[in-house]
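Structural overview
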Amino acid sequence: MALAKHSTFRRSAGLVSLLLTALVALLTFLSASPASADEANMDEPFRVSGNVQNKGEPLEDVLITVTGPGGYEVEVETDAEGKWRVGVPEEEEYEVTLDESTLPDGVAVVEGSNVRTVEVGPAGRVSTNFFIGVGERNVTSFFDQFVERLATGLNFGLMLALASIGASLVFGTTRLSNFAHAEMVTFGAVMAYFLSVAIALPIYLAIPLAVLLSGVFGLAMDAGLWRPLRRKGLGTVQLMIVSIGLSLALRYIFQFFIGGGTVQLPGSNSPQIPLFGAVSLSVIDIVSMAISIVVIAAFAFWLLRTRIGKATRAISDNPSLAAASGIDVDRVVRIVWIIAAGLAGLAGVLYAYYRPGIKWDMGAQILLLVFAAITLGGLGTAFGALVGSLIVGTLVEISSLWIPADLKYVGALVLLILILLFRPQGILGRRERIG
Amino acid sequence: MDWGQILSNTASSLIGPATIAYALAAIGLSVHFGYAGLINMGIAGFMAIGAYGYAISALTFGLPWWAGFLVGIGASIVFALILGIPTLRLRGDYLAIVTIAAAEVLRLLFLTGEFDDVTGSADGLSGYHASFRAANPIPDGTYGFGPWTYNANGWWVRILGIAIVAIVALIVWSLMRSPWGRVLKGIREDEDAVRALGKNVFAYKLQALMLGGVFGALGGIVYALPSAVNPGVYVTSLTFFVYTALLLGGAATIFGPILGSVIFWVLQTFLSNVLPALATSGILPVTSTQASTLRFVLVGVILMLIVIFSPQGILGNKKELTFVK
């Protein structure tokens, strides 16, 4: 702990004490090597802290040097969680340097440089994070990159479609813009996590069970909340705000159980299969796409060929007419909720592999993309939602070839706004007056 | 458990900068949602515009604090125009989705590393206080009593914030009893009827959007005044929290947004102090991090209960329709 010594001494009582201190410092230096301090000078009033991570994995024993005004200098090494913390004497600018030679071989700082300037503001503390990645330049050809993005985008789009068609069906039959749909997505992933990690079921059992539980969850929500509210005659706006409240409550319930960090499902780092050129997909990506396609095909068959599917479309078209022609609207809506929640749960499991990782607000991160997909395809039309999702998914991934990765969702959201302005009925929707 | 400390923190949040900021944003939202019937789900975007407008004009352009206020207000008017001109013709829930998307786009633009020099990306902005604190008329020192003891800068933020709330509430009160306000409420109740009377509904809605947007931006500025601008604050949850405060107090009332924000923050502060304390002293069988997430669960549940059972809020009039069907 005492290794990290710096050269700022308080006004000392004389040469002897100065010499003694220097001697002690030297002795500590000699005896405490190699360094393992993750905190230094914690008696100073202000704090500079940070995190060193390689793709979300913390890196230990990375040397960080903090220098500041008046020759202030202090060294620390990151702890097992990749964290470090130093105390600094003044509200000033400090330079934080990450010693790249202490990183594992073959990786480097990927965002920004290894030297950062931080300013200790009035809050008295400041943090800076280093993101580490493979330190090689990307030499893949544009065509290969494009194909890889397209494949990833299709995978993302298919996963998004599972979430969107459910939300779209719910909107079509009940006119509810369900913000809590995001939490139905998270629910599936969280259930898969509990079944596969806490109860230690094999993953091929855990995922179907998680989807099943999601369906039960959908049924419970309809029976416990939405059906009574429909009976009560709440307006669409009121219902929407209720769904926002439900979304908030559920989101923090998930955080209560799984914490604020990211947890992984088993098998999330599967091997890459090279396809051609520099293009490769992981086993999980391929399985995920196959599952999505099979499920969507089954859903399409259900919607087009079965009695309940036809009844669903009839209600989406005109609920009063459907009710008048003898369709049990409540029963169909209940089935729609079960299917929507099951699909959303499956989407959540696939999204957990796509991201990768399960986080308490993962559903909320794609909620607006789901809305974008639904609106793009045409509100309330299931196949519109499918088309919309594929467009949004590929657009998000391909656009990151040109725009920075942290802005890739912006393209989809701008598209959402533009669609609502110029063709609010969507691609497959019917033109009707919505003004 | 240190009840003295818990109660003192709770009492202090009565006039905290966050409470004042929420009150301003909620008043803005009451103009949008309560009086004009516009479902603006992007109030967080307006707040971000205000906060970043203020901080950037001080840090990048070196403007004095009052000019920062004007920049924040001006930027929010521009944002309201960009948002409003194309979207105000849309049906209610469409408007909600467009505004929430626009606010997210804005947040992502503030968050991205591309404009790091100006926006500070994920670290946000800080250290823009010099001009504001230099203008502080209160001499240095600590003032107040009991839980309300702050230094000169603390009081300067609070006094200015409360003054802004008072002025804004006065503006809304006088506007809503004017012919302009009656037309606005008419639009909320029945847009077509007002249009049939020859009023330009679109212009009224746009004016309401700009007015409420300015109040939202002022809320953002007050939020940023005491400490720093952090992009993690202006997420969609912020919009939902402001909605909770607004609906709690009463959407179509003058004092509802203020009362709602005070209750919201007093409750939040109380729970954020008492729940972890209960957990550490073993009364609640959960960890203290788990205990502090419980208060957000409660926010969600309260929001649902208000909308279902008492959509007019505490101060609202049940006869006055506060939800557009």
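To start, this report covers the structure provided alongside it. (Residues numbered from 1 in each chain as written. Chains lettered and ligands numbered in written order. Predicted model: local features only at pLDDT ≥ 70, side-chain atom pairs only at ≥ 80, totals over all residues.)

A separate point is the sheet that holds strand 5 (residues 72-77) of chain A. Residue and element names in this part refer to chain A. Taken in spatial order, the 4 strands make up an open sheet running 5-4-7-9, and their pairing is antiparallel. Each edge of the open sheet is held by one strand with a lone partner, namely strand 5 and strand 9 (115-119). Direction aside, the axes of adjacent strands within the sheet are offset by 20° on average. Relative to strand 9, strand 7 (residues 93-98) runs antiparallel, the two sharing 5 bridges. Counted as the bridge partner of valine 96 is arginine 116 from strand 9. (Pairing = 2+ DSSP bridges. Helix = DSSP H or I, 4+ residues; strand = E, 2+ residues; numbered from the N terminus. Axes fitted to C-alpha atoms, helices over the stretch in contact; angles between N-to-C directions.)

Residue and element names in this part refer to chain B. Among the structural elements, proline 257 can be located in helix 13 (residues 256-280). Classification of proline 257 by C-beta neighbours within 10 Å gives buried; the count is 35. In this structure, the C-alpha to C-alpha distance between proline 257 and leucine 303, residues 46 residues apart in sequence, is 14 Å. (Buried ≥ 20, exposed ≤ 12 C-beta atoms within 10 Å, placed from the backbone.)

How big an interface is tends to be stated in terms of accessible area lost as the parts join. Every contact between the two is made by 47 residues of chain B and, on the other side, 40 residues of chain A. If you list the elements that add at least two residues to the side of chain B that touches chain A, you get helix 4 (65-87), helix 5 (92-111), helix 12 (236-249) and helix 14 (288-309) of chain B. Residue contributions to the side of chain B that touches chain A peak at 14 residues, all from helix 5 of chain B. Taken together, the residues of the side of chain B that touches chain A break down into 29 nonpolar, 12 polar and 6 charged. (Contact = placed C-beta atoms within 7 Å. Nonpolar A, V, L, I, M, F, W, Y, C, P; charged D, E, K, R; others polar.)

For any two helices packed against each other, the geometry comes down to the angle between their axes and how far apart the axes lie. All names here are of chain A. Here helix 10 (residues 362-377) crosses helix 12 (residues 408-422) at 40°, and the two axes come no closer than 9 Å. In the packing of helix 10 onto helix 12, the handedness of the crossing is left-handed. Contacts between helix 10 and helix 12 involve Leu368, Leu369, Phe371, Ala372, Thr375 and Leu376 from the former and Tyr409, Ala412, Leu413, Leu415, Leu416, Ile419 and Leu420 from the latter. (Left-handed = near helix turned anticlockwise from the far one by under 90°.)

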